[in-house]
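Listed below are the residues making up each chain.
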Amino acid sequence: MAVYNFSAGPAMLPVEVMKQAQEEFCNYGNSGCGILELSHRGKLFEPVIRRAEANVKELLGLSDDYAVLFVQGGASMQFAMLAMNFLNGGTADYADTGVWSAKAAKEAARFGKVNLVCSSKESKYNHIPAFDTWKTTEGAAYLHITSNNTVAGTQYQAFPETKVPMIADMSSDIMSRVFDPNKFAMIYAGAQKNLGPSGVALVILRKDLAERATAAVPTMLNYNTYIADGSMFNTPPTFAIYILALVTDYFKKLGGIAAIEKINNAKAAKLYGFLDSSDFYKTPVVKEDRSRMNVVFRTPSEELDALFVKKAAEENLTSLKGHRLVGGCRASIYNAMPMAGVDALIDFMKDFERANG
Ligand SMILES: *Cc1c(COP(=O)(O)O)cnc(C)c1O
């Protein structure tokens with residue numbers, strides 16, 4: 001029986017990708033060497049990293065104004081790295097819409113002044129504050145947003161208009177839906193939710209913003225190092241980048257992001273549709289801000305939440321426990337989760353409600 005893994009990250013990978021990686025693990029391209037054994041500067045690996053870059057550019061429709069970079073340290077290191085490069089004692093605007101946003105703002109405060117343009121913390125981050133209430137700073141170094149709030153289960157349905165460079169943490173919804181990348185000066189994402197394994201962050205950076213980087217930033221933390229050396233100043237995380245290349249190959253084969261978005265919309269609509277039809281399950285998230293990636297819900301009690309998670313795992317529906325900070329249940333339904341997984345979850349939810357309602 002299939003296992004459906006609802007983990008928030010590291011998360012499910014397409015089975016096709018894992019099978020191909022398995023084949024190439026010990027013998028890549030008939031070289032007699034496994035993919036992990038190849039020199040990053042060799043003629044077998046270098047095309048892999050360039051293909052990963054080209055796939056990202058193609059899938060997101062990026063112009064040559066943008067550089068595609070691969071950086072270690074995950075999304076969390078980007079919280080500090082972007083502020084080191086672009087804040088430099090100035091003021092940055094942050095939208096406080098979840099625990100990851102708050103962490104990003106906290107790191108930035110080490111390098112300059114942070115202004116929270118809005119915060120939904122008081123209401124447990126159950127919504128994204130309306131843009132017309134945001135208190136922005138004129139001439140801010142940048143505005144930072146978190147496009148999908150992985151823990152609280154909210155997602156921007158549209159993006160604000162800004163005069164200052166907009167930077168987005170898209171860790172948990174990158175390549176899940178079509179959007180206009182030209183609104184952003186920088187986009188970053190830890191790979192382990194929608195793009196591949198942990199160990200690499202994808203950074204998309206408009207080159208004119210990179211030119212503003214503070215010169216004193218250490219070499220390995222300066223974006224210009226990555227631009228100048230094609231993300232290969234030192235040894236990059238070759239395996240993570242290789243898997244990202246395979247995942248993005250797979251996205252292209254599916255028909256690109258528009259095709260993937262359709263499936264994601266159908267999965268989310270089905271799951272929320274079921275939640276709305278039930279009196280047993282409740283979601284705390286404001287309807288218009290619901291995430292199509294992380295569906296947060298609760299049963300009538302904490303005891304039943306725990307039982308739900310345990311019983312679901314026995315039915316091969318795994319990692320449904322909510323984030324430790326908020327409790328409850330959470331189903332992460334990233335690109336690699338098939339509709340069959342959502343169907344199996346809904347069937348289980350109906351059975352559980354019948355037994356415990
Ligand atoms: C998971 C996540 C992070 C943290 O990613 P790491 O790669 O573990 O540092 C940051 N932001 C968002 C929105 C996330 O979902």
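That block above? That's the structure.
Okay, so let's go over this structure. (Residues numbered from 1 in each chain as written. Predicted model: local features only at pLDDT ≥ 70, side-chain atom pairs only at ≥ 80, totals over all residues. Heavy atoms only, no water.)

1. Looking at the overall build of the protein
Looking only at helices and strands, the protein features 10 helices and 13 strands. Computed over C-alpha atoms, the radius of gyration of the protein comes to 21 Å, within 12% of the 21 Å expected from 2.2 N^0.38 for 357 residues, which places it in the range of a compact globule. In terms of overall dimensions, the protein has a C-alpha envelope of 60 × 55 × 30 Å along the principal axes. In the protein, which comprises 357 residues, the share counted as buried stands at 55%. Counting only contacts in the protein whose residues sit at least 6 apart along the sequence, the fraction spanning at least 24 positions is 66%. Accessible surface, the protein as shown: approximately 15,400 Å² in total, 53% of it carbon and sulfur. (Helix = DSSP H or I, 4+ residues; strand = E, 2+ residues; numbered from the N terminus. Rg over C-alpha atoms; globule rule 2.2 N^0.38 Å. Buried < 20%, exposed > 50% of the residue type's maximum accessible area, 1.4 Å probe, protein only. Contact = heavy atoms within 4.5 Å. Areas by Shrake-Rupley, 256 points an atom, 1.4 Å probe, with all protein chains shown as cover.)

2. Brief notes about the nonpolar core
Core analysis: the biggest nonpolar cluster contains 55 residues, and Ile145 and Ile174 have the highest contact counts within it. Top contributing element to this core by residue count: helix α7 (residues 238-254), with 10 residues. If we skip the residues at most four places from it in the chain, Ile145 touches Ala95, Trp134, Tyr156, Phe159, Pro160, Met166, Ile167, Ala168, Asp169 and Phe184. By size, the runner-up hydrophobic cluster in this structure holds 29 residues, among which are Leu320, Cys329, Ala331 and Met337. (Core = buried A, V, L, I, M, F, W, Y, C linked by side-chain atoms within 4.5 Å.)

3. Things to note about the environment of Ile227
Relative to the assigned elements, Ile227 resides in helix α6 (residues 223-228). Assessed through its relative accessible area of 29%, Ile227 is described here as partly exposed. Sequence-wise, Ile227 and Phe308 are 81 residues apart; in three dimensions their C-alpha atoms are separated by 47 Å.

4. What to know about the sheet that holds strand β8 (residues 166-169)
Pairing is mixed across the open sheet formed by 7 strands, whose spatial order is β2-β10-β9-β8-β5-β3-β4. Sheet topology places β2 (66-71) and β4 (113-119) at the edges, where each strand pairs with a single neighbour. Neighbouring strand axes in the sheet, compared pairwise and without regard to direction, differ in orientation by 20° on average. Lying over the sheet, helix α2 (residues 46-60) contacts β2 and β10 (201-206), oriented at roughly 130° with respect to β2. (Pairing = 2+ DSSP bridges. Axes fitted to C-alpha atoms, helices over the stretch in contact; angles between N-to-C directions.)

5. Section: the site of the ligand
Inspection of the region around the ligand gives 13 residues, with Ser76, Thr150, Asp169, Gln192 and Lys193 positioned closest. In this structure, Ser76 approaches the ligand through a side-chain N or O atom, which is 2.6 Å from an oxygen atom. Taking 390 Å² as the accessible area of the ligand by itself, protein coverage stands at 88%. In terms of residue count, helix α3 (residues 74-86) provides more of the shell around the ligand than any other element does, 4 residues in total. Split into classes, the residues belonging to the shell around the ligand amount to 3 nonpolar, 8 polar and 2 charged. (Near = heavy atom within 4 Å. Polar contact = N/O pair within 3.5 Å; in protein donor to acceptor, adjacent residues only side chain to side chain. Nonpolar A, V, L, I, M, F, W, Y, C, P; charged D, E, K, R; others polar.)

6. What about the pattern of salt bridges?
A complete count under the given rule lists 16 salt bridges for this structure. Between Asp276 and Lys287 there is a salt bridge; the shortest N-O distance is 3.8 Å. Of this pair, Asp276 sits in helix α8 (residues 256-277) while Lys287 sits in the loop between α8 and β11 (294-297); the two residues are 11 residues apart in sequence, bridging distant segments of the chain. Assessed through its relative accessible area of 42%, Asp276 is described here as partly exposed. Between Lys310 and Glu314 there is a salt bridge, and its shortest N-O distance comes to 3.7 Å. Placement of both Lys310 and Glu314 in helix α9 (residues 302-314) is noted, with a separation of 4 residues, approximately one turn of the helix. Its relative accessible area of 47% is what places Glu314 among the partly exposed residues. Residues joined in a network through salt bridges with shared partners are Glu46, Arg50 and Glu53. (Salt bridge = Lys/Arg side-chain N within 4 Å of Asp/Glu carboxyl O.)

7. Brief notes about the pairing of β10
Burial of β10 is extensive: 5 of the 6 residues sit out of reach of the surface. The pairing of β2 with β10 spans 6 bridges and is antiparallel. Pairing of Leu69 across the sheet is with Val203, part of β10. Where strand β9 (residues 186-190) and β10 come together, 5 bridges link them in antiparallel fashion. Across the sheet, Gly190 pairs through a bridge with Ala201, a residue of β10.

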